[in-house]
Amino acid sequence: MKKFETNAIRTQAEQSSNREHSVPLYLTSSFTFEDAEQMRAMFADEQDGNIYSRFTNPNTSEFIDKMCVLEGAEAGFATATGMAAVFASFMALLKSGDHILSSSSIFGSTHTVLTKFLPKWGISCSYADVNKPETWESLINENTKMIFVETPSNPGLDIIDLQWLGNLAGKHKVILNVDNCFATPFIQRPIEFGAHLVTHSGTKYLDGQGRVMGGIVVGKKELIKEIHTFCRSTGPALSPFNAWTLSKSLETLAIRMERHSQNAHKLAGLLENHPEVVQVRYPFLLSHPQFEIAKRQMSMGGGIVSFEIKGGVERGRRFLDALQMCSLTANLGDTRTIATHPASTTHSKLTAEERLSVGITPGLVRISAGLENIIDIVADIEQALERSK
Ligand SMILES: *Cc1c(COP(=O)(O)O)cnc(C)c1O
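On a predicted model such as this, the values are computed, not experimentally measured, just so you know. (Residues numbered from 1 in each chain as written. Predicted model: local features only at pLDDT ≥ 70, side-chain atom pairs only at ≥ 80, totals over all residues. Heavy atoms only, no water.)

## Some details on the pattern of salt bridges
Here comes step 1: Applying the stated rule across the entire model yields 15 salt bridges.
Here comes step 2: For Arg315, the salt bridge identified is with Glu276, shortest N-O distance 2.8 Å. Placement of the pair is Arg315 in helix H13 (residues 312–322) and Glu276 in the loop between helix H11 (253–272) and strand S8 (277–281), with a sequence separation of 39 residues. Exposure class is identical for Arg315 and Glu276. Each is buried.
Here comes step 3: Through salt bridges that share partners, Glu37, Arg40 and Glu46 make up one connected network. (Salt bridge = Lys/Arg side-chain N within 4 Å of Asp/Glu carboxyl O. Helix = DSSP H or I, 4+ residues; strand = E, 2+ residues; numbered from the N terminus. Buried < 20%, exposed > 50% of the residue type's maximum accessible area, 1.4 Å probe, protein only.)

## Quick look at the pairing of strand S5 (residues 175–179)
Two faces make up the sheet, and in a regular strand the side chains alternate between them.
Here comes step 1: Along S5, 5 of the 5 residues are buried, which leaves the element largely enclosed by surrounding structure.
Here comes step 2: Of the two faces of S5, the one holding Ile175, Asn177 and Asp179 and the one holding Leu176 and Val178 are both buried throughout.
Here comes step 3: Two strands pair when backbone bridges link them, and strand S4 (residues 144–150) and S5 are joined in this way by 5 bridges, in the parallel orientation. Its bridge partner lying in S5, Glu150 is registered against Asp179.
Here comes step 4: Sheet analysis places S5 next to strand S6 (residues 197–201), joined by 3 bridges and oriented parallel. Bridge pairing in S6 places Asp179 opposite Thr199. (Pairing = 2+ DSSP bridges.)

## Digging into helix H6 (residues 162–172)
Here comes step 1: Of all the positions in H6, only Leu162, Leu165, Gly166, Leu168 and Ala169 are classed as buried. Axial view of H6: buried residues confined to an arc of 165°, hence all on one face.
Here comes step 2: Looking at where H6 begins, the residue whose side-chain oxygen comes 3.1 Å from the main-chain nitrogen of Gln163 is Asp161.
Here comes step 3: A positive backbone phi angle near 50° is found at Lys173, which sits one or two residues after H6. (Arc of directions from axis to C-beta. Polar contact = N/O pair within 3.5 Å; in protein donor to acceptor, adjacent residues only side chain to side chain.)

## Side note on the domain arrangement of the protein
Here comes step 1: Along its sequence, the protein is organised into domain 1 (4–252) and domain 2 (253–387).
Here comes step 2: Counting each side, the surface lost to burial between domain 1 and domain 2 is near 3,300 Å², with a carbon and sulfur contribution of 59%.
Here comes step 3: Its largest share of buried area at the contact with domain 2, domain 1 owes to Ile159, Ile187 and Tyr205, together 23% of the area lost on that side.
Here comes step 4: The interface formed by domain 1 and domain 2 includes 2 salt bridges.
Here comes step 5: When the shortest N-O distance is used, the salt bridge between Asp158 and Arg281 registers 2.7 Å.
Here comes step 6: Taken together, the connections running from domain 1 to domain 2 amount to 20 residue pairs in polar contact (both at pLDDT 80 or more).
Here comes step 7: Listed by contribution, the elements that provide at least two residues to the side of domain 1 that touches domain 2 are helix H1 (4–10), helix H5 (108–117), H6, helix H7 (184–187), helix H8 (202–206) and helix H10 (240–250).
Here comes step 8: Per-class residue counts for the side of domain 1 that touches domain 2 are 19 nonpolar, 16 polar and 6 charged. (Domains from an automatic or database assignment. Buried area = accessible area lost by both parts, 1.4 Å probe. Nonpolar A, V, L, I, M, F, W, Y, C, P; charged D, E, K, R; others polar.)

## Describing empty space enclosed by the protein
Here comes step 1: Scanning all chains against the criterion turns up 1 cavity of 30 Å³ or more.
Here comes step 2: Surrounding the largest cavity, Gln12, Ser22, Val23, Glu62, Lys66, Trp244, Ser247, Lys248 and Glu251 form its lining.
Here comes step 3: Those elements giving two or more residues to the lining of the largest cavity turn out to be helix H3 (58–71) and H10.
Here comes step 4: The element contributing the most residues to the lining of the largest cavity is H10, with 3 residues.
Here comes step 5: Here the lining of the largest cavity is composed, by residue class, of 2 nonpolar, 3 polar and 4 charged. (1 Å grid on protein atoms, 1.4 Å probe; cavity = no way out; pocket = protein on both sides within 12 Å on 5 of 7 lines; lining within 4 Å. Points joined across faces, edges and corners; volume = space filled by probe spheres on them.)

## Focus: the packing of H11 against helix H15 (residues 374–387)
Helix-helix packing is described using two parameters, namely the angle between the two axes and the distance between the axes.
Here comes step 1: Where H11 meets H15, the closest approach of the two axes is 10 Å, and the angle between their N-to-C directions is 30°. Viewed along their axes, H11 and H15 adopt a mutual orientation that is roughly parallel. For H11 against H15, the interelement crossing comes out right-handed. Across the interface between the two elements, Asn263, Lys266, Leu267, Leu270 and Leu271 from H11 touch Ile374, Ile377, Val378, Ile381, Glu382 and Leu385 from H15.
Here comes step 2: The residue inventory of the contact of H11 with H15, partitioned by class, reads 8 nonpolar, 1 polar and 2 charged. (Axes fitted to C-alpha atoms, helices over the stretch in contact; angles between N-to-C directions. Parallel < 35°, antiparallel > 145°, perpendicular 65-115°, else oblique. Left-handed = near helix turned anticlockwise from the far one by under 90°. Contact = heavy atoms within 4.5 Å.)

## Description of the sheet that holds strand S9 (residues 304–309)
Here comes step 1: A sheet is described by the order of its strands in space; here 5 strands give the open sequence S8-S9-S12-S11-S10, paired in mixed fashion. Among the strands making up the open sheet, the edge pair consists of S8 and strand S10 (327–328).
Here comes step 2: Note that S8 and S9 share 4 bridges and pair antiparallel. For Gln279, the partnering residue across the bridge sits in S9 and is Glu308.
Here comes step 3: Running over the sheet, H13 touches S9, S10, strand S11 (338–340) and strand S12 (364–368) and is turned about 130° from S9.

As structure tokens, this is what we get:
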């Protein structure tokens, strides 16, 4: 078994007769058949091969194969966005009457799907408190089919013990689906702890350069088969161009994640001792409430730091306005350092009360540490803390 970096680089689509070194872009909506018999056999699933790019395409297959190797998964399906992956995993595997257990600390759009849409189709959801693991088991009932969590969570950076949750899901025979966006498989591999599915937004660190949207679900073959059937018919497929970009990006995932983590860790340490900062959240800081768990299941702390600035909502906005280099944008996991204010952006669709229940305080600032030199990142954040007083 080769190492992570090697697999991320050397897992490639089959070479064409041109013997190219870098995999070409297969911009084709459909594929031809040798004869009527081959066409029949492929449609009947008796023979593997590409039929139509809504189903499979060599570029999307390469991205999927790579992600399967990196996550240690049997199979996968790639989608146009991360939310399409989240949604497809719910729609393909749940039915009316089923129950899903999620956590109070979850991405804004996922929260919207769980609260506003799934109930319309008779699928109920409970939200467990990440800080009270002892309460989770009592929320599982005979209709519970899936546990869906994020760790570290967006934007709260809460950590859930994957070994413990894997055991709980196994005991109750429930599908464990983990959104692994923040850690990426370089830092954390949920399948090793018992997860059946791992969901990603490719838009974040997998691309890592703020260029393309994408998503993927990988995991158990029999579950992916259902997701594949659902997606093949309903059409959220990833475009070949975006798949090609994502597959190329994965070649540098390891070195990018190392530097993102190093920069974020340094920044977190500095913010923790800053007089204008009330509190800092970073999984690998001793002060993080789940520091021990983070150390057990993650190889490094990742690239996201959040902090509560003194002075609440107004100060938070003044801080963003005072930044000179860091970008104000809704994305994360880019080469460029990004600052956001979740209360007025990603979680603005939630009520103030809902926001507080998922840990989003008015002055919470989320920093996605980029790959610029840490000296320049720190200088910009320090001057903005000073100027926004
Ligand atoms: C961004 C994000 C998603 C959604 O991904 P898109 O590609 O934007 O659809 C899902 N989960 C987490 C944790 C995210 O950060």
